[in-house]
Amino acid sequence: MNIHTKNLNEGEAACDALVLPLPEGKAGYDESFPPSLKRLLKRVISRDFRGKLNEVMLVPAPDDIAPERILLAGLGKKNEITPERVRQAGGKSAAALKNAGMKRICVSSRVLSASGISPTVFIEGSLLGIYTFRKYLHEKDNREIDSITLLSAPSEELQKSLRWTKAVVSSVSFARDLINTPSNDMTPSHLARAAISLKSSTLVVKVLEKKDIMKLGMGSYLSVARGSHEPPKFIILEYKGAKASPLVLIGKSVTFDSGGISLKPSEGMEKMKYDMAGGAAVLGIVKAVSELKMPVHLIAILPATENLPGGAAAKPGDIVRAMNGKTIEIISTDAEGRMTLADAIAFAGRYKPKAIIDIATLTGACSIAFGNGAIAMMGNNRELIDALKKAGEETHERVWEMPLFDEYKEFVKGDVADLKNTGGKNGSLISSAYFLYEFAENTPWVHLDIAGTAWVDKEKPYTPKGASGVGVRLILNFIKELK
C-alpha cells in the first residue's frame, strides 16, 4: 500500500473517501473547511453522529469538493483523546472503508495535531486494523485499500515517523502471518526458513541442527523435541548496528504444543499453533530493526521444536541436564516452554549481553490472571523493567510487573534433581519465571508472558481475530529509546 503526505485543504483532496477524525460534541469541524463541508458536518453532527469513541459514519460528500465520500471517525470526549484512542479510531475507520470498497483514502490531520498527537498514530491503527490472513481461503476478497494520503504540511519529522510506522506495522503483519499459519506448514524447519528470509548484509542468520544442539549439551531443550519426527532448529540471528554489548531477545518457538505425554484437553488444542508467538514476535522485531538500520547490537534466539507425545517423548519423572549443568526433573511435559527457554538463556550468556528479554506464551495462569488485558512481566533489573513499562504504556501493549521473591525458589527446587519444571498450580505464573531466573542468574533479564495477549478470539479495533503480533511494537519502542 502507498502512504503519502500532501499539504492540501480537505476540500481539495481527490479521493474515494476523506476521513475526518472528530471528538464528541459539536466542536469537531474546522473553520477553514469549505462552506459546504461545514454545513454537512453541522447537519450530521446535530442529528446522526455523536463522535463517540470508535463510532464511524460514511456519508456522500458535497458536490463542490474533491472527495467523493466523507467518513466521520469518533475520538470520544475532546479532553480524553489519547494516542491509543486515535489508534483505535484508525483501525475502525480503515476496516469500514475497506469493507465499503474504498480504494483511495485521505485523512485529515487537523484535530489530531490540535490535540498534540502525531497523525501517524491514526495511520498505524489503520494499517494494523486492515490486516487479513486469507492464505487458505479459496474465495478471494478483492477489497483492498490502495493508498492512504495524510493531509498535512510535509516535514522531516513526519516522514521519519511514517517510515517508522510502516516498518513496525509490516513487522507486526509478518509475525501475525507466521502465527496464523497452521503447524503442518509452520514446523521448526519452516520457522528457520522464515528467519533465513530476513538475511541481509547487516543481518546474519545461523541455524543449529540437532547434532549441534546435542554437542552443546542442551538436554532441557532436546527433551521437548524427543516426541516429534520434526527435527528441532536452534535459530540465531545477529544484527550489528552498534559496537556495544548485545541485547539478546529470546522467543518461545514451540510450533505446536500438544502437551506431550501430559496431554492437553482436545478442546481448543487447534490454537496451539500459536505457541511460537514469542519467536514470531522476535523475528518481527529483527525485521524492523534491520530495515530501519537501528543503532543497536541485537541477537535473537529461537529454540524451535514441536511438543508431541511420540514413542520417544520425555515422560513425567524423567531427569535431564541443561546446558549450564543443572539437572531438571520433568514433572509435567506440558511445562515445556521453560525447558526450551532455559537452555536458550544459558546459551545467551556466551555473548556477555547487556540484557536478555525472553517473550513467551508460557503459562495458562497468565491468561487466568490477566485475561487478554496485559502481559505479565518479571525480571531482576529495575532499569530494564521500568523501560519496558514505559514502552508498554506508549504502545498500549501494557505490561504488569509480578513479584519475583526469593521464596518462589522453593516452588521449583527439586527433590531428586536441582530443579523441577513446575511447582504446581499455586503461584505457577511466578514460579515459571523463577525457573528461568535460575538460568539468567546475574545477567539483567526480563521475562514477558504473552499467553493471554498473543491470540484474540474477538476482534478489537485494530487487532483482527487470530494472532495479535503482540510484543513487536512493545520491544521496538523499547529498543528505540535504548541508551
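Residues numbered from 1 in each chain as written. Predicted model: local features only at pLDDT ≥ 70, side-chain atom pairs only at ≥ 80, totals over all residues. Heavy atoms only, no water.

Visitor: For this particular structure, what's the right way to read the sheet that holds strand β12 (residues 319–321)?
Guide: The strands making up a sheet are joined through hydrogen bonds of the backbone, oriented either antiparallel or parallel. Pairing within the open sheet is mixed, and its three strands lie in the order β12-β13-β17. Each edge of the open sheet carries a strand with a single partner, namely β12 and β17 (419–420). The sheet contact formed by β12 and strand β13 (residues 327–329) spans three bridges and is antiparallel. Within β13, the position partnered with valine 320 by the bridge is isoleucine 328. (Pairing = 2+ DSSP bridges. Helix = DSSP H or I, 4+ residues; strand = E, 2+ residues; numbered from the N terminus.)

Visitor: Got a minute to help me understand the pattern of salt bridges in this structure?
Guide: If the charged atoms of two oppositely charged side chains come close together, the side chains can form a pair. Throughout the structure, instances matching the rule amount to 27 salt bridges. Residue lysine 390 is joined to glutamate 394 by a salt bridge in which the shortest nitrogen-to-oxygen separation is 2.8 Å. Here lysine 390 pairs with glutamate 394, and both are found in helix α12 (residues 382–395), just four residues apart, close to one helical turn. A relative accessible area of 47% means that lysine 390 is categorised as partly exposed. Each of Glu84, Arg87, Glu124, Glu397 and Arg473 takes part in a single network of salt bridges with overlapping partners. (Salt bridge = Lys/Arg side-chain N within 4 Å of Asp/Glu carboxyl O. Buried < 20%, exposed > 50% of the residue type's maximum accessible area, 1.4 Å probe, protein only.)

Visitor: Honestly, the sheet that holds strand β3 (residues 56–60) in this entry has me stumped. Any pointers?
Guide: One open sheet holds the six strands; their spatial order is β1-β6-β5-β2-β4-β3, and the pairing between them is mixed. Where the open sheet ends on each side, the last strands, each with one partner, are β1 (2–6) and β3. Strand-to-strand, the axes of this sheet are offset by a mean angle of 25 degrees, without reference to chain direction. As defined by bridge partners, β3 adjoins strand β4 (residues 69–74) across five bridges and the pair is classed as antiparallel. Counterpart to valine 56 in the pairing with β4 is alanine 73. Sheet contacts for helix α4 (residues 120–129): β1, β2 (17–22), β5 (104–108) and β6 (147–151); angle to β6, the most-contacted strand, approximately 165 degrees. (Axes fitted to C-alpha atoms, helices over the stretch in contact; angles between N-to-C directions. Contact = heavy atoms within 4.5 Å.)

Visitor: Even after reading the chapter, I still don't get the side chain of threonine 463, so can you show me in this structure?
Guide: Along the chain, threonine 463 turns up in the loop between β19 (455–456) and β20 (466–467). Leave out the neighbours within four places in its chain, and threonine 463 touches Arg176, Val456 and Ser468.

Visitor: Even after reading the chapter, I still don't get unusual backbone geometry, so can you show me in this structure?
Guide: For residues besides glycine, phi is generally negative; the peptide bonds are generally trans as well. Even without glycine at this site, asparagine 54 takes up a positive phi of about 70 degrees. In this structure, asparagine 54 sits in the loop between α1 (35–47) and β3. On the basis of relative accessible area, asparagine 54 is assigned to the buried category, the value being 18%. Of note, glutamate 441 is a non-glycine position whose phi angle comes to about 55 degrees, a positive value.

Visitor: Even after reading the chapter, I still don't get the nonpolar core, so can you show me in this structure?
Guide: For soluble globular proteins, nonpolar side chains are generally found buried alongside one another. Judged by nonpolar contacts, the single largest core of 114 residues is most densely connected at Ile70, Leu237, Leu283, Leu448 and Ile479. The biggest single contributor to this core is helix α5 (residues 156–180), with eleven residues. (Core = buried A, V, L, I, M, F, W, Y, C linked by side-chain atoms within 4.5 Å.)

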